[in-house]
Amino acid sequence: MKAEVKAAFDAVKAGKSIKSETEEKVLARLRRYNGHGVSAIKIALPLAVCLLIAVCAGGWLYFTPTMCISIDINPSLELSVNRWDRVIGIRGFNDSGKYLGYAVDVKHMRCADAVEVLINSKEVSSYMNKEGAIEIGVAGKENAQSQRLMDDIRACTKDVEGSRCYNISTEELEKAHEAGLSCGKYRAFEELRKVAPDVTYEEVRDMSIREIREQIRSYNDKVTMSNETQPDDSHTCIAEDKECDTGQGHRYGANNKNSH
Amino acid sequence: MRSESEVSKAIDKYADTVTRLCMLYLKSYADTEDVFQSVFIKYAVKSPDFENESHEKAWIIKVTINACKDMLKSFFRSRTVSIEEMSGKLFVKDEDLSYVLEAVLSLPEKYRTVVYLHYYEEYTAVEIGQMLGKNVNTIYTRLARAKELLRKSLGGDGYES
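On a predicted model such as this, the values are computed, not experimentally measured, just so you know. (Residues numbered from 1 in each chain as written. Chains lettered and ligands numbered in written order. Predicted model: local features only at pLDDT ≥ 70, side-chain atom pairs only at ≥ 80, totals over all residues. Heavy atoms only, no water.)

Caption draft 1: Examining the packing of aromatic side chains more closely. Counted by the stated rule, this structure contains 11 aromatic pairs over all chains. On the basis of an interplanar angle of 10 degrees and a centroid distance of 6.3 Å, the ring pair of Y43 of chain B and F50 of chain B is categorised as stacked. By the burial criterion, Y43 of chain B is buried, and F50 of chain B matches it. The structure contains a cluster of three or more aromatic residues connected by ring pairs, namely F9 of chain A together with Y116 and Y120 of chain B. The aromatic ring of Y166 of chain A is capped on one face by R187 of chain A, whose charged end is 3.7 Å from the ring centroid. One Lys or Arg, R2 of chain B, reaches over the ring of Y43 of chain B and ends 5.2 Å from the middle of that ring. (Phe/Tyr/Trp six-rings, centres within 6.5 Å; stacked < 30°, edge-to-face > 60°. Buried < 20%, exposed > 50% of the residue type's maximum accessible area, 1.4 Å probe, protein only. Lys NZ or Arg CZ within 6 Å of the ring centre and 35° of its normal.)

This is the structure:
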């Protein structure tokens with residue numbers, strides 16, 4: 001039986017046509033893989049990797065803040081802004097600031113639009129009715145973007161009674177955040193501390209800008225009254241005093257005296 | 001990845017083996033053609049480094065059997081045809097021995113494979129067991145039953161056990 005089975009299978013052979021057709025197709029496939037053509041995966045894989053890198057890089061760039069907008073009434077909050085002037089983060093520095101950031105969602109809006117929406121919101125309007133003062137600071141490196149943001153914010157606050165805009169440096173921004181205060185509140189705190197050295201961060205955290213300014217004014221009034229008995233040629237004012245305000249933003253550093 | 005010359009040599013060397021296995025499983029020219037091509041494409045693109053020629057042949061046989069089984073499960077497989085219909089396209093038939101082939105093809109599939117691998121390719125039961133992933137005792141049992149069935153269908157005495 002073994003011999004017959006062997007002989008029977010021996011007679012079974014592949015036909016010439018199937019061999020030649022197969023050889024043709026297999027070699028064509030090999031050539032595609034070997035770069036006589038290029039396999040699809042050799043194109044798709046590098047493209048997919050490049051796309052992934054581009055998406056990650058783009059995402060990183062979009063979510064990297066370049067400027068900070070500090071808004072202080074009594075709610076104190078800051079908007080983180082990216083290189084394309086888009087709001088990518090909102091941070092409240094006190095309970096009312098956190099609530100405001102939650103109630104009025106301005107994420108991913110253009111910065112100027114976000115500021116306009118915030119100051120026109122019913123929440124801010126009710127605070128403004130009570131406090132009557134709002135300060136908006138543009139914090140970051142002095143560059144084209146900071147100038148552009150300052151111009152935009154001035155334009156949308158020009159008709160807001162009691163509003164004030166200013167620039168603040170990155171160093172002061174860092175110090176403000178270390179103290180747990182928004183830039184505007186920190187700036188006001190530093191001015192108050194000049195006349196009231198005992199004041200602490202915690203005391204000003206929940207004070208409104210108006211209250212801090214009133215405190216500064218009252219301390220200054222006391223100094224003025226005590227100086228009346230000792231005439232002095234020098235006159236020092238704090239630049240944010242309304243009488244001195246030229247409507248231009250002042251850059252604040254360690255010494256912020258403007259003398260007339 | 002194999003070179004073009006390796007592929008051409010492999011087709012030359014193993015075309016008949018692949019054809020016989022396809023005939024055992026598929027009984028259809030169109031399906032045989034598909035399996036034939038897929039086996040050698042796999043050889044060209046995915047085959048491992050072989051230790052020797054018998055390792056290479058065993059790999060070809062395993063891949064062919066698996067491809068045939070996949071084809072049998074496939075929704076798209078063609079209708080089966082008789083050996084006479086296939087013979088003109090696939091292989092040269094020896095008329096005198098066609099009854100032997102018919103007898104083998106009439107066996108259940110699991111017996112056909114062991115008959116071919118043992119009687120024609122001359123693999124031992126141990127080697128067949130490794131190739132098909134079966135216990136060696138299972139292979140012995142299948143061989144014994146296949147012989148019994150062939151003896152009945154082919155008739156006569158004097159067959160090796």
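Caption draft 2: Inspection of the nonpolar core at higher detail. Among the nonpolar cores identified, the biggest contains 62 residues, and F9 of chain A together with L24, V35, F40, V115, L117 and L150 of chain B are the most heavily contacted of them. Sort the elements by how many residues they give to this core and helix α1 (residues 4–25) of chain B lands first, with 11 residues. Once you skip the residues sitting within four places of it in the chain, F40 of chain B turns out to touch T22 and V26 of chain A together with A10, I11, Y14, A15 and V18 of chain B. Judged by nonpolar contacts, the second largest core, of 27 residues, contains C111, L118, I136 and C156 of chain A. (Core = buried A, V, L, I, M, F, W, Y, C linked by side-chain atoms within 4.5 Å. Helix = DSSP H or I, 4+ residues; strand = E, 2+ residues; numbered from the N terminus. Contact = heavy atoms within 4.5 Å.)

Caption draft 3: Inspection of the interface of chain B and chain A at higher detail. Contact with chain B, which involves 44 residues of that partner, is made by 28 residues of chain A. Taking both partners together, chain B and chain A bury about 3,500 Å²; carbon and sulfur atoms supply 68% of that area. Broken down residue by residue, the surface that chain B buries against chain A is led by E4, Y119 and Y120 of chain B, which jointly contribute 17%. The tally of links from chain B across to chain A stands at 4 salt bridges. For the salt bridge of E122 of chain B with K2 of chain A, the shortest nitrogen-to-oxygen distance reads 4.0 Å. Linking chain B with chain A are 8 residue pairs in polar contact (both at pLDDT 80 or more), by the criterion used here. Put simply, the parts of the chain that give the side of chain B that touches chain A at least two residues each are α1, α2 (29–46), α5 (98–105), α6 (109–120) and α8 (136–154) of chain B. For the side of chain B that touches chain A, the leading source of residues is α1 of chain B, giving 11 residues. Among the residues forming the side of chain B that touches chain A, the class breakdown is 27 nonpolar, 5 polar and 12 charged. (Buried area = accessible area lost by both parts, 1.4 Å probe. Salt bridge = Lys/Arg side-chain N within 4 Å of Asp/Glu carboxyl O. Polar contact = N/O pair within 3.5 Å; in protein donor to acceptor, adjacent residues only side chain to side chain. Nonpolar A, V, L, I, M, F, W, Y, C, P; charged D, E, K, R; others polar.)

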